[in-house]
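Okay, here's what each chain looks like letter by letter:
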Amino acid sequence: MLDAFRGERRRGPTAALARQGLLVVGSFVLLLYAIEILNTLMLHSLNGVFGLRPRTPGGLLDILTFPLLHANLAHLLSNTLPLIIFGFLVFLSGLRVFVTAVASSWLGSGVVVWLIGGLNVTVGASGLVFGLFAFLLVRGFFNRNWGQILLSVVLFLAYGGILFGVLPTVAGYVSWQAHLGGAGGGVLAALMLSRRRPRSGTSGPAAP
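Residues numbered from 1 in each chain as written. Predicted model: local features only at pLDDT ≥ 70, side-chain atom pairs only at ≥ 80, totals over all residues. Heavy atoms only, no water.

In this section: the overall build of the protein chain. The secondary structure content of the protein chain amounts to 8 helices and 0 strands. Moving toward the C terminus, one meets the helices and strands of the protein chain in the order α-α-α-α-α-α-α-α. Relative to its 208 residues, the protein chain shows a buried fraction of 40%. The contacts in the protein chain between residues at least 6 apart in sequence include a share of 78% that link residues at least 24 apart. Surface summary for the protein chain: the accessible area is close to 12100 Å², and the carbon and sulfur share equals 71%. (Helix = DSSP H or I, 4+ residues; strand = E, 2+ residues; numbered from the N terminus. Buried < 20%, exposed > 50% of the residue type's maximum accessible area, 1.4 Å probe, protein only. Contact = heavy atoms within 4.5 Å. Areas by Shrake-Rupley, 256 points an atom, 1.4 Å probe, with all protein chains shown as cover.)

Printed below as a string of structure tokens:
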């Protein structure tokens, strides 16, 4: 009876975190669709104003807005499912982990596009997709967590093909710079959030 009660207590926080993750990630995706509907009604004029313009002073501010915009509905649809899956899986590790991974992927994607992007304006959340995916792939190795490593193997087998999107020779119509920067940001987030393990033979209280 006591063991069953303890098991219920352990499942409770996990279920609550899962519900919160669905709410947060789902709300963000709904926001992207609301913006796309408005942008479509405005003949996608928002892309020219808030899309990322590489190597321009105003483009630095565009880093904050370009993942919220898309070239068209098909572009947004292609990002929706992986964004939901990867975002939800990252959120299961907690809100702080989710915010850190998203912020690092967002910033990494934007900075790389601003530095080495092409002449065209860049829009789209694919940099976030690549960042969250890269985070999930490498965090288990940094944490030495076999459960996370197993998840990364499953995700690689299912979605590993998208990693070709970081190569400039694969497709000229996508921003490989955004993909590369986002993936780099995801790896950086995993490194920053990696759990520090105390060295063997040392004494004293563990760091929080």
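There's plenty left to go through after this.
Further remarks concern unusual backbone geometry. We note that H44 has phi near 55°; this positive angle belongs to a residue other than glycine. Checked against the element boundaries, H44 lands in the loop between α1 (2–41) and α2 (45–50). For R55, which is not a glycine, the phi torsion comes out positive at approximately 55°. As for its placement among the helices and strands, R55 is situated in the loop between α2 and α3 (59–62). With relative accessibility at 42%, the residue R55 sits in the partly exposed group.

Another aspect to go through is the packing of aromatic side chains. If you walk through the whole model with that rule in mind, you get 4 aromatic pairs. Ring centres 5.0 Å apart and planes at 20° place the aromatic pair F86 and F133 in the stacked group. Remark: F133 occurs in helix α6 (residues 126–143) and F86 occurs in helix α4 (residues 73–91); sequence separation between them is 47 residues. This pair shows no difference in class: F86 is buried, exactly as F133 is. (Phe/Tyr/Trp six-rings, centres within 6.5 Å; stacked < 30°, edge-to-face > 60°.)

Further remarks concern a nonpolar patch on the surface. On the surface, F142, V187, L188, L191 and M192 cluster together into a nonpolar patch covering about 430 Å² of accessible area. Looking at which element gives the most residues to the nonpolar patch, the answer is helix α8 (residues 176–192), with 4 residues. Tracing the chain through its elements places L191 in helix α8. (Patch = residues over 30% accessible without salt bridge, like charges linked within 9 Å, V, L, I, M, F, W, Y side chains within 5 Å. Salt bridge = Lys/Arg side-chain N within 4 Å of Asp/Glu carboxyl O.)

This paragraph deals with the side chain of S126. Following the sequence through the fold, S126 ends up in helix α6. With near-sequence residues (within four places) excluded, S126 lies in contact with N79 and H179.

Residues L83, F86, V90, L132, F135, L136 and L155 are the most contacted members of the largest nonpolar core, which totals 31 residues. Every element with two or more residues in this core is listed here: α1, α4, α5 (95–116), α6 and α8. Broken down by element, this core gets its largest block of residues, 7 residues, from α6. Those residues within four positions of F135 in sequence are excluded, and the remaining contacts are V90, V97, A101, G186, A189, A190 and L193. I63, F66, V113 and A178 belong to the second largest nonpolar core, which has 5 residues in total. (Core = buried A, V, L, I, M, F, W, Y, C linked by side-chain atoms within 4.5 Å.)

A few words now on α8. In this model, α8 (17 residues) spans 24 Å end to end at C-alpha, consistent with the 24 Å of a helix rising 1.5 Å per residue. Within α8, the full set of buried residues consists of Q177, A178, H179, G181, G182, A183, G185, G186, A189 and A190. The secondary structure elements touched by the buried residues of α8 are α5 and α6. (Expected span 1.5 Å × (residues − 1).)

Let us look at the pattern of salt bridges. With the rule as written, the count across this model stands at 1 salt bridge. With a shortest N-O distance of 2.8 Å, R53 and D62 are connected by a salt bridge. Given the relative accessible area of 4%, D62 is considered buried.

The subject of this paragraph is α6. For α6, spanning 18 residues, the distance from its first C-alpha to its last is 26 Å, which sits close to the expected 26 Å at 1.5 Å a residue. At L137, α6 shows its largest kink, close to 30°. In terms of burial, α6 is largely enclosed, as 15 of its 18 residues are buried. R144 sits one or two residues past α6 and shows a positive phi near 55°. (Bend = angle between axes of the 7 residues up to and from the residue.)

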